[in-house]
Each structure stands twice: as C-alpha cells, then as structure tokens.
Amino acid sequence: MSDEKQDPPPEWKYKEEFGIVTQLKAAVKATAVASEQELSNLRRKLERLTYGS
Amino acid sequence: MSDWKALEIKIPGKDELESVRSVLETLVTFLEIIKALLNTISLFLIDFGNPIRPLVVALLAIIQQLFESLKRTGLYGYFDIPDPTRDPNFDLYKGGYQAFTERFKASLFDSKDPYRPQPIAGSMQSGFVLIVADATSVFGLLRLMKILLRFFGKEITAAKYVAPANARIFPAGTKPGATGGTNIDPILQVASVFGVTLKGFALEWTLATNQYPPDPGFNDLVASVSSELVPQSWLIERTSRSGGPLPMTASAETNFEDKTGKPISREVVVRDEQGDVFRKFERYIVIDPSSSTSIFSLLQLGKFRYIDSEVDKDTTYYYRIRAFSGPLVVNSDGTIDFPAPEVDATTQELIQRWPTSDPNNPVVMGRPSPILTCRLPNIPADFNVITVLEDTFRMAFSLGFQLPLEADAQFDSNGLPINGTPASQVGRGSLTNIGGAMSRILPLSFPVPVEADPTTKDFPDVPQNYLSVKLQSAQLAQTVGSSLLENSAMLSPMRDLYQGAIPRQIPNEGNFKGNNTSIQAMVLAFNDIPSGFPTTYDPDVYTTYTAAYSDVNTRLNLLAAVNFIKSFTLGGTPVDWVSISLLRDIIPWSGQFIYDLLNRIDALADAFKSAVDEIKSYIDAVVRKIDVLERFIKYLIEILNFLDSFSAGFYFLNVPSTSGGIPGWIKAIDSAGGTKPPSGPGGYSAGVGLAYAGTNVDAFVTAFGLIF
C-alpha cells in the first residue's frame, strides 16, 4: 500500500465572477460605506460651523 | 493549434513573453487597486474597523509572495481564442469543451512548441487553471471571449474595415433626354451641371485595396478575403452644419483644482474605438446590401453608388462613408442617440461606442472615408453659364486683355482712355495672370476688303477662332464653373449683369446688329462664327471683330464682366481683409487704462479683508474635504460599474498542485467532475489556460485560488 496521499479529482466550477472581482467589489463597497459615513460627519460639522449648534 | 507562452522574469525583453507578462500585470493591478484603496482611506483618517482590513493586508502579502515565486519558477499562458478575421465561422472551436480539452492536452505534447510546460514527474510541483467560455452559438462565444480577454487586459481580433477608397461625390440630376423624372444620374462634368435639373448628390466609392506587402504564407490574402466576405453594411454620415461635422466633446475633470478645492473641468475630445476624433453628423443613412440591392448596381465593377435626393439647394453638405457590421440603432429620422462616452481603462481617454440593439453583438465600425463636400447650386433658368463664360474669355483673349498695359496709358475715373491713350488699351492687364500661352496671341487688324491667301485660298482667321484660344477659354470656364458651384449665390447677380440692360451702347455693326442690348448677347454675337470659316468668307465676323477691338464701350462692357468673374474666383481683388482688435488697434491707450482700473478695484477689495478670513478658511477646508470625498465616492461607483462589466458565466478547472508531471495533468482533466461546460459536441468552446511549474508553487496556489 502506497503512503502517497491521493488528491481528490479536481472539479469543474461554474462562476459568474472571477474571485478577484468578488474581492475587489467587497473592498470597494466597504470603502464606499466608510466614506459615506465620513462624509455625513463632515457635513454635520460644516452645518454647525456655518449656522451654529 | 494555440501555443504556450512562457514567462521568466529573469529573461526580460523577449517578445514572445509579452502576452503572458501583461496578463500577470493586469492581475497584479487588481491587487494594487485594493492596496490603493486602503491607502486612500488612511489618508482621510477614517475609522476603518471593518473586516476588510485583514483581507487587504493578506492580499498585499500575496503580491509580494507572487513576485518572489516568479523569480524562482515560470508561468505559462495558453490562449486558445478565436480569430474572426481568419476563421469567421469559428470552425476551429466547434465541439464543445471536450474539443477544447483535447486541444489543450495536445498542446502539452507539441514538440514544435518550445515554451510548453514540461514539469518533471516526481521532482517538480506543477498546477494549472483552465477558464473556458462555452456557448451554443458563434456570437455567444464571441461575447464571452471579449469579456474574458478584457479581464486579462487583451483584445480579441475583430473584423476591422478599412476606409473605403476612391470616395467621390457629384451633383445628380435628370438628363435632358430622360423620361419619367426618376432616372437620376451623377453629373460627371462641371459643364453638364448647368444644363440639367439637379435632384441631389451621387456618392461613389470602392472597396479599399489591400495595401499590405504580401507574405510568403499568403496570410494577408486569407485575412483580407475573409474580412471582405464578412457581410458588411455601409453607413453614410451627412451634415449641413456650417464648418462641417462637429468634433464630439465631453466635460471631464482634470487633476487641477480651483481655489475651493474643486477639480477644474474642461471639455475633452471624445475619440472612436480606433483612436480617431469622433465627429457627430446630423443624419445617418444605413445601406444594407441584402435589402438595398439596387444601390449596388455597380457592385460587379467593385464600385458602390448611392443617390441622396433629400437635400436642399444652396446648402453645403458634408459626407463620409464607412463600412460596418452589427445591429446599429438608427432612429427613423436618420439620427443616432449615442450613449454617454466611456472611459477607456487603458488609455484613460473618452471613447464613444456605437449603439447596438443586441448587447451580445456589438457594432464593428470601420474607418471613414475623407470628408466629401458638395453643394447643389440654385441655377437660374435660361442662363447657360458655361457658354457665357467661355465666350467671355474668348472675346477677352481676342481683344488682348491678357497683354500688359502700356506704361504711358492713362484713364479717367470712369475708366475711359485720356491723353491720347488708344481704345485698344482698355481692358489690357486684366487677364495677364491667367492668360497662360495666350500672351503670344496678338490682336490683328484686317484690311478692307479682306483677301484670301493666294496659296491656301483660305481667308485670315480671327483670334477668337484659334484652337488655343478656345481651349484656354474652355478650361477657364470649367474652373470658374466649379467655383460657381461652391459660390452659387453669385449666379443670380451674374445673370443680372449678363442679361440686364447693357451698361454702355456698343456699335450696331456686323453680328452686333440686333444683339447689342445685353452683355450676354454681345459676347455670344462676337463668337458667332459660321461653320466652314475661314475657308468660307463671312464679312460680318471681321466687321464684328474690328468694331469691338476699337470701341471703348464694348471693351468696358467686357471688362465689367471679366472683373465680376474675377471678384469671386481666379484670385480675387485687393485689398484683403485683416483682423483687428478694438482695444489694441483702434484705441491703444484704453487697454492700459482698463487694467489700471481693475488693479485699483482689487486693492480696494483687499482692504476690506478681516479676521473673518481665518474662520472662512477653516470652513473652506471642511468644504474642500467634502468635495474630495464626494469625488472619491463617485470614483468608487465607477470602479463598481467597471467590475460589473466582467460579470459573465465561465467554467473553471483549477488543478492547484500535482507532482505527477504532464501525465498527472492529463489524468486530472480526464477525471475532473463537477459542473462541466454543457454545450456538448454541437457547441463552441474557447478559453485560457495558465500554468506554473517549480520546486515550490505554494505562492501560485494561494494567488490563483484567490484570483480565480
């Protein structure tokens, strides 16, 4: 009996997207959410500066 | 068969490696984008407590690891992609994914391919990934391959149409003898234009000839023939906009900012897919060879012709002709609603695409012909322009208008000769520059009575009957006629001058008898020479010539006509117009005064500045930060749109690592299960294979697992 590990046969996979594209989209979306949040903070700050609190 | 391409970073500059290198660079670029996003976020000091951060850090480590591995081992690329210019029916790609994997396996044993991967079984690790586009139709495969290749930063070879050759445009009209009024033909001679009823324009062009040098394998022949056999349509672009078709521009942000931190926008030129400036026309006419066969009546001669009869007179039209294929969307009124220009990911330039009714079948637009210009003159009825012009020049050359003026000739303010200047000096010098060989033609004086030559029995000829005078006059009449087609607004004034009352009374002698009421009648009568002359004696011809030659009024009438013709053609008359600036040239001191005033206003405004500025500058900084963030979010949305354009269904087979060498690869392909491409023997498959081999391929396994 051989000691060599027998790899399972590879499988064809159907994908609508490349893995890197999925990763990129996740990073871009997360960045967009964080940027939106920062943007609303800045707008509030600007409003306070302009019209007072 | 597709060949393998190897990549060895330590052997730079080898052309064969370029395609694989660019693929890897594209993938690394994707990873770099993620890195850039992280940097940008830290720049804004955004609290980024998101699980994405460790992912980004891991990605950066992978980039580093990937390059380290590439120094030790090689990456191989296998691009089994169709070339529509050489295989328009995609015959080589029939047979579904089974045929694809057979081609892939055969490539591994292709001894003529030095770059194929040859991992040694037992001592080397190797792996590969296959990305397969599978479709039931040619168009489906083409669409998928375009997306797949764009992901790798490459382009599929599309059928490209070169610009049509020998594009020409003529006025078109009904020939005098034609019946029914529907027989419209191009008018091929300027002289004929003035004799028919003009109905439109005739455009003619031919297929471009092959300009490439031949090669021993006749590859160019195969390519050119196949591109000509791809059923192509023609697009005729037309506009009557003054100045020609307008180059398309779009507003784009630059890297420069104004005082408030907002990017400065400017209008940039939009280009077409071939990199040429995109010009927008008012109307687009599609000619489909399958439905408009009558237009192609000359096709067997390699020449195409289209008659455009929906044109207005006295309007200059600009045309271009280009070949195309695909379902181009043209509105019923002949306009095209263009989609917004796209930013080319490679060149960063704005690219205008042509609208298609089927996203799976994009429009392939060929290069255009040069712009052709034509104008349909509004020709007054009963005015034979060419004949009148020809007779005017014949009369002028006969009377010596091409000869230089004598130095002592003097004239009064009305142009009448004074101080003994003879009448024959009137008009001289007016055609000196365009007389050509006519400078040798000297006016004659004829004895009374005129006698025949005793040897030839011929009577002397008159200059207006010389062949050289008639030829030169006919040539000039054609030139002026062409110019009149461009400046057809001059036709009516010209007719008024020629057909109106004659300005000065002329002698009522010879052929002038009864023909002395208009300039037109005068020039026609002067050249009224019976056939058979000078063998046959005609005293009226000599009388007419002698009367005209020595009559001041006749010469002044003719000079008026010559000067009118010269005023809009043949070089014009001095003085030329110059452009001037009101402040600089007319009131030179006013410019300095206005600048002084502006400086004083600025100084006054500065004086009112106060500490409020400091608060304002802080607010400005916040506003600026908001602007930058808004732009950044816009940029992120553009990236998302770009990423969405890669969405399409592909089949992947990833064999990350095996020590079994090529037999191990074959076994892996044969035993692979999972979701196989479904098209079967009737389908079409093509794809890309990326492989690696070395003593340690862990970095590739990780990177490929992430990328694909």
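Residues numbered from 1 in each chain as written. Chains lettered and ligands numbered in written order. Predicted model: local features only at pLDDT ≥ 70, side-chain atom pairs only at ≥ 80, totals over all residues. Heavy atoms only, no water.

## Quick notes on the packing of aromatic side chains
Residue and element names in this part refer to chain B. Put simply, the rule is: For Phe, Tyr and Trp, where Trp contributes only its six-membered ring, two rings pair if their centres lie within 6.5 Å, and the inter-plane angle classes them as stacked under 30 degrees, edge-to-face over 60, or tilted in between. Secondary structure counts use DSSP, requiring at least four H or I residues in a row for a helix and at least two E residues in a row for a strand, with both numbered from the N terminus. Throughout, exposure labels follow a simple rule: accessible area from a 1.4 Å probe, protein chains only, divided by the maximum for the residue type, with under 20% read as buried, over 50% as exposed, and the rest as partly exposed.
Counted according to the given criterion, the structure contains 28 aromatic pairs over all chains. Ring geometry for F338 and W354: centres 5.3 Å apart, planes at 65 degrees, overall edge-to-face. With F338 in the loop between β14 (316-325) and β15 (342-343) and W354 in the loop between β16 (350-351) and β17 (364-365), this pair connects stretches of sequence that are 16 residues apart. Using a relative accessible area of 16% as the deciding quantity, one classes F338 as buried. By relative accessible area, W354 is classed as buried at 7%. Between F704 and F708, the ring centres sit 5.4 Å apart and the planes meet at 80 degrees, which makes this aromatic pair edge-to-face. This pair shows no difference in class: F704 is buried, exactly as F708 is.

## Thoughts on helix α17 (residues 698-707) of chain B
Condition: The reported arc concerns the directions from the helix axis to the C-beta atoms and nothing else.
Taken together, the buried positions of α17(B) are occupied by A699(B), F700(B), A703(B), F704(B), L706(B) and I707(B). For α17(B), the angular spread of the buried residues around the axis is 160 degrees, confining them to a single face.

## Here we look at the packing of helix α9 (residues 491-499) of chain B against helix α10 (residues 519-526) of chain B
To characterise two packed helices, one gives the angle between the axes of the helices and the distance between these axes. Residue and element names in this part refer to chain B. Test applied: Axis definition: a line fit to C-alpha positions, over the contact stretch in the case of helices; interaxial angles, taken between N-to-C directions, run 0 to 180 degrees. We call two directions roughly parallel when the angle between them is under 35 degrees, roughly antiparallel when it is over 145, roughly perpendicular when it lies between 65 and 115, and oblique otherwise. The contact definition used throughout considers only heavy atoms, calling two residues in contact when any of these lie within 4.5 Å. Ten residues, namely Ala, Val, Leu, Ile, Met, Phe, Trp, Tyr, Cys and Pro, are considered nonpolar, four, namely Asp, Glu, Lys and Arg, are considered charged, and the remaining ones, Gly among them, are considered polar.
Two numbers describe how α9 lies on α10: the axes approach to 5 Å, and their chain directions differ by 70 degrees. As the angle between them shows, α9 and α10 are arranged roughly perpendicular. For the pair formed by α9 and α10, the contact residues are L497, Y498 and Q499 on the first element and I519, Q520 and V523 on the second. Across the contact of α9 with α10, the residue classes tally to four nonpolar, two polar and no charged.

## Notes on α10(B)
Among the eight residues in α10(B), seven count as buried, and that is most of the element. By the burial criterion, the buried members of α10(B) are I519(B), Q520(B), A521(B), M522(B), V523(B), A525(B) and F526(B).

## Considerations on the nonpolar core
Among soluble globular proteins, nonpolar side chains are generally buried collectively. Applied cut-off: To qualify as a nonpolar core, a set must consist of buried Ala, Val, Leu, Ile, Met, Phe, Trp, Tyr and Cys residues joined through side-chain atoms within 4.5 Å.
Ranked by internal contacts, the top residues of the largest apolar core, which has 72 residues, are W205(B), Y319(B), M395(B), Y498(B) and M522(B). Considering each element in turn, this core owes the most residues, eight residues, to helix α12 (residues 552-568) of chain B. In contact with Y498(B), other than residues within four places in its own chain, are F383(B), V388(B), T392(B), S518(B), I519(B), Q520(B), V523(B), A561(B) and I565(B). Formed by 50 residues, the second largest nonpolar core is a distinct cluster that contains V28(A), I619(B), L629(B) and I707(B).

## Things to note about the pattern of salt bridges
Note the threshold: Here, a salt bridge means any side-chain nitrogen of Lys or Arg that lies within 4 Å of a carboxyl oxygen of Asp or Glu.
Counted under the stated rule, the structure contains 18 salt bridges over all chains. In this structure, R43(A) engages E630(B) in a salt bridge whose closest nitrogen and oxygen atoms are separated by 2.3 Å. Placement of the pair is R43(A) in helix α1 (residues 19-51) and E630(B) in helix α15 (residues 612-644), with the two residues belonging to separate chains. In this structure E630(B) comes out as partly exposed when scored by relative accessible area, which is 33%. A salt bridge links E406(B) to R428(B), with the shortest nitrogen-to-oxygen separation between them at 3.7 Å.

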